Amino acid sequence: MAKNMQNTSYRKLDVDAFDPEQYDENDETVDTPGLGPDERAVQGFLSSNRLEDALHASLLSPPLKTKDQNVKDRATQLVTKVLQSFKNAEIEQTVQKLSIDEGDILMKYVYKAMELGADAAVCQSLLAWHAQLVAKFGHGAIMRVFSGRQRL
């Protein structure tokens, strides 16, 4: 037998967390801090007037799996700022360059920005983006946003 049986400091793993009776396969929300778009990169693109690069950078890592609502709201405000930087004439050609995954993420941001209660100018811009996204991706984009489990 071991000499030091009373020392339990080596037990760092909580084995009860791995109990198969407590496993929930529908639990997709994992607390992963630090997710979200890189604000410095997006601000850099915005200051140099590279709007499409700013949009792509802001859509790179959406904070879908984090539980922290402040992170999600900051990411939504950043994407909303990027969307407002575009002129109405530039929206259509920018949406045409988006992939289907980027379009779905952008649609989630548009709905979340509308939920956060923006003023009339912001809502007008968001509705213009919404119209162009529906024109390219169809009603399936709306359905994927509303039926998806991961929310902003």
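Everything numeric in this text was worked out from a predicted model, so none of it was measured.

### Some points on the environment of Ser-125
Here Ser-125 lies in helix H6 (residues 120-137). The buried category is assigned to Ser-125, whose relative accessible area is 11%. For the pair Ser-125 and Asn-88, spaced 37 residues apart in sequence, the C-alpha separation works out to 7.7 Å. In this structure, Ser-125 is in contact with Leu-83 and Gln-84, ignoring residues within four places of it in sequence.

### Quick look at the side chain of Thr-66
The topology assignment puts Thr-66 in the loop between helix H2 (51-58) and helix H3 (69-85). For Thr-66, the side chain forms a polar contact with the main-chain nitrogen of Asp-68, separated by 3.3 Å.

### A closer look at the packing of helix H1 (residues 39-47) against H2
The geometry of H1 relative to H2 is characterised by a closest axis approach of 8 Å and an angle of 165 degrees between their N-to-C directions. In terms of orientation, H1 and H2 fall into the roughly antiparallel class. Where H1 crosses over H2, the two elements pack in a sense that is left-handed. Together, Val-42, Phe-45 and Leu-46 of H1 and Leu-51, Asp-53, Ala-54, Ala-57 and Ser-58 of H2 make up the contact between the two elements. When its residues are assigned to classes, the contact of H1 with H2 shows six nonpolar, one polar and one charged.

### Quick notes on the confidence of the model for the chain
On average, residues of the chain score 85 in pLDDT, and 83% of them are at 70 or above. Counted against residues more than four places away or in other chains, residues 28-33, with its pLDDT under 50, gives 12 contacts.

### Thoughts on helix H5 (residues 100-115)
Under the 1.5 Å per step criterion, the end-to-end length of H5 is 23 Å for 16 residues, consistent within 8% with the ideal 22 Å. Most of H5 is tucked away, with 12 of its 16 residues classed as buried. Burial in H5 covers these residues: Glu-102, Gly-103, Asp-104, Ile-105, Leu-106, Met-107, Lys-108, Tyr-109, Val-110, Tyr-111, Lys-112 and Ala-113. If you follow the buried residues of H5, they end up packed against H2, H3, H6 and helix H7 (139-147). Looking at the residues trailing H5, positive phi occurs at Gly-117, about 80 degrees.

### Some thoughts on the packing of aromatic side chains
For the structure shown, the criterion picks out two aromatic pairs. Between the aromatic rings of Phe-86 and Trp-129, the centroid separation amounts to 5.2 Å while the plane-to-plane angle is 80 degrees, which identifies the pairing as edge-to-face. Taken together, the residues span a long stretch of sequence, with Phe-86 in the loop between H3 and helix H4 (88-96) and Trp-129 in helix H6 at a distance of 43 residues. The residues Phe-86 and Trp-129 share a single accessibility class, namely buried. Both rings, one in Tyr-111 and one in Phe-146, keep their centres 5.0 Å apart while their planes meet at 35 degrees; by these two values the pair is tilted. One end of the pair, Tyr-111, is in helix H5; the other, Phe-146, is in helix H7, with 35 residues separating them in the sequence.

### What about unusual backbone geometry?
Backbone geometry places Asn-49, a non-glycine residue, at a positive phi of 60 degrees. Along the chain, Asn-49 falls in the loop between H1 and H2.

Parameters and conventions
Residues numbered from 1 in each chain as written. Predicted model: local features only at pLDDT ≥ 70, side-chain atom pairs only at ≥ 80, totals over all residues. Heavy atoms only, no water. Helix = DSSP H or I, 4+ residues; strand = E, 2+ residues; numbered from the N terminus. Buried < 20%, exposed > 50% of the residue type's maximum accessible area, 1.4 Å probe, protein only. Contact = heavy atoms within 4.5 Å. Polar contact = N/O pair within 3.5 Å; in protein donor to acceptor, adjacent residues only side chain to side chain. Axes fitted to C-alpha atoms, helices over the stretch in contact; angles between N-to-C directions. Parallel < 35°, antiparallel > 145°, perpendicular 65-115°, else oblique. Left-handed = near helix turned anticlockwise from the far one by under 90°. Nonpolar A, V, L, I, M, F, W, Y, C, P; charged D, E, K, R; others polar. pLDDT = per-residue confidence, 0-100. Expected span 1.5 Å × (residues − 1). Phe/Tyr/Trp six-rings, centres within 6.5 Å; stacked < 30°, edge-to-face > 60°.

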